[in-house]
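Listed below, chain by chain, are the residues.
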Amino acid sequence: MYYPYVEKSIGDKADVLDIGCGDGELARFLSDKERYVIGLDISDECITKAQELTGETEKIKYVNCSFEKFDAKGRLFDAVVFVASIHHMDMEKAIVKAKALLRENGKLVIVGIAAPSSLVDWMVEALRIIPCKIGSAFHRMQSSEKLNIPTSYTVLKMSKIRKIVSAVIPKARLKYGLYYRYILTWENKNK
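My aim in this report is to walk through the structure given alongside it, one point at a time. Just so it is clear, the structure is predicted and the values come from calculations on it, not from any experiment. (Residues numbered from 1 in each chain as written. Predicted model: local features only at pLDDT ≥ 70, side-chain atom pairs only at ≥ 80, totals over all residues. Heavy atoms only, no water.)

What follows deals with the overall build of the chain. Scanning the chain for helices and strands turns up 6 helices and 7 strands. If you list the helices and strands of the chain from N to C, you get α-β-α-β-α-β-β-α-β-α-α-β-β. Counting the 191 residues in the chain, one finds 44% classified as buried. Partitioning the contacts of the chain with sequence separation of at least 6, the portion at a separation of at least 24 is 68%. Carbon together with sulfur atoms contributes 55% to the accessible area of the chain, which is approximately 10,900 Å² in total. (Helix = DSSP H or I, 4+ residues; strand = E, 2+ residues; numbered from the N terminus. Buried < 20%, exposed > 50% of the residue type's maximum accessible area, 1.4 Å probe, protein only. Contact = heavy atoms within 4.5 Å. Areas by Shrake-Rupley, 256 points an atom, 1.4 Å probe, with all protein chains shown as cover.)

Listed below in structure tokens is the structure:
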């Protein structure tokens, strides 16, 4: 559901790091547009499934390790993307590392999961119920558990996310998305 938004956010960025790539669906989606994608995931099962589903290609490489231990060996990326994965990590440390891996004008895109923390957050949650139900039915969405995707429901509150973003990437755009998601985009203008 968020893949077209991610693609639009990164534009013509050619060298992409997909953190928490799961079964490689986003990597395959992005590589269709003449991009080179490195998909990173800590789960052996996810990497194996991603490789099976992707087959042979020079446009995608999968790496089985945590983002914390990932060594880019001096390589920089045009875009670093987290889709429903940053809540498995220390968010502040992950953003700092992602920033360091971006080329000048590189894009950071995060589609994250957050718990409501204010009256406005709760109001947004209430307003999202019907569109989420319709979207789930239309797209025939299944839960991560049914798809055998490792999950974690330990998520930061929106207030904590705003605090981290303000401290680490103050010019980022942060907005609400569907399915308890927030969408964050930031462009590296500091190098």
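The rest of the description comes next.
Moving on to unusual backbone geometry. The backbone of Ala 84 shows a phi angle near 55°, a positive value even though the residue is not glycine. Topologically, Ala 84 is positioned in the loop between strand S4 (77-83) and helix H4 (91-100).

To describe two helices that pack against each other, one gives the angle between their axes and the distance between the axes. Contact geometry for H4 and helix H6 (residues 158-168): axes closest at 10 Å, N-to-C directions at 35°. Of the two possible hands of crossing, H4 and H6 adopt the one that is right-handed. When H4 is examined against H6, the residues Met 91, Glu 92, Ile 95, Val 96 and Lys 99 are found in contact with a partner set consisting of Ile 161, Ile 164, Val 165 and Val 168. The residue makeup of the contact of H4 with H6, split by class, is 7 nonpolar, no polar and 2 charged. (Axes fitted to C-alpha atoms, helices over the stretch in contact; angles between N-to-C directions. Left-handed = near helix turned anticlockwise from the far one by under 90°. Nonpolar A, V, L, I, M, F, W, Y, C, P; charged D, E, K, R; others polar.)

Strands sit in the order S3-S2-S1-S4-S5-S7-S6 across an open sheet of 7 strands; the sheet is mixed. The sheet is open, and its two edges are formed by strand S3 (60-64) and strand S6 (173-176), each paired on a single side. Geometrically, the sheet is characterised by an average inter-axis angle of 15° between neighbouring strands, direction not taken into account. Two elements, strand S5 (residues 102-113) and strand S7 (residues 181-187), share 7 bridges in a ladder whose sense is antiparallel. Bridge assignment links Ile 113 to a residue of S7, and that residue is Arg 181. Docked against the sheet, H6 engages S5, S6 and S7, running at close to 165° with respect to S6. (Pairing = 2+ DSSP bridges.)

Within the secondary structure layout, His 87 lies in the loop between S4 and H4. Distance from His 87 to Ala 114, taken between C-alpha atoms, is 8.3 Å for residues 27 residues apart in sequence. Side-chain polar atoms of His 87 contact the side chain of His 88, separated by 3.4 Å. (Polar contact = N/O pair within 3.5 Å; in protein donor to acceptor, adjacent residues only side chain to side chain.)

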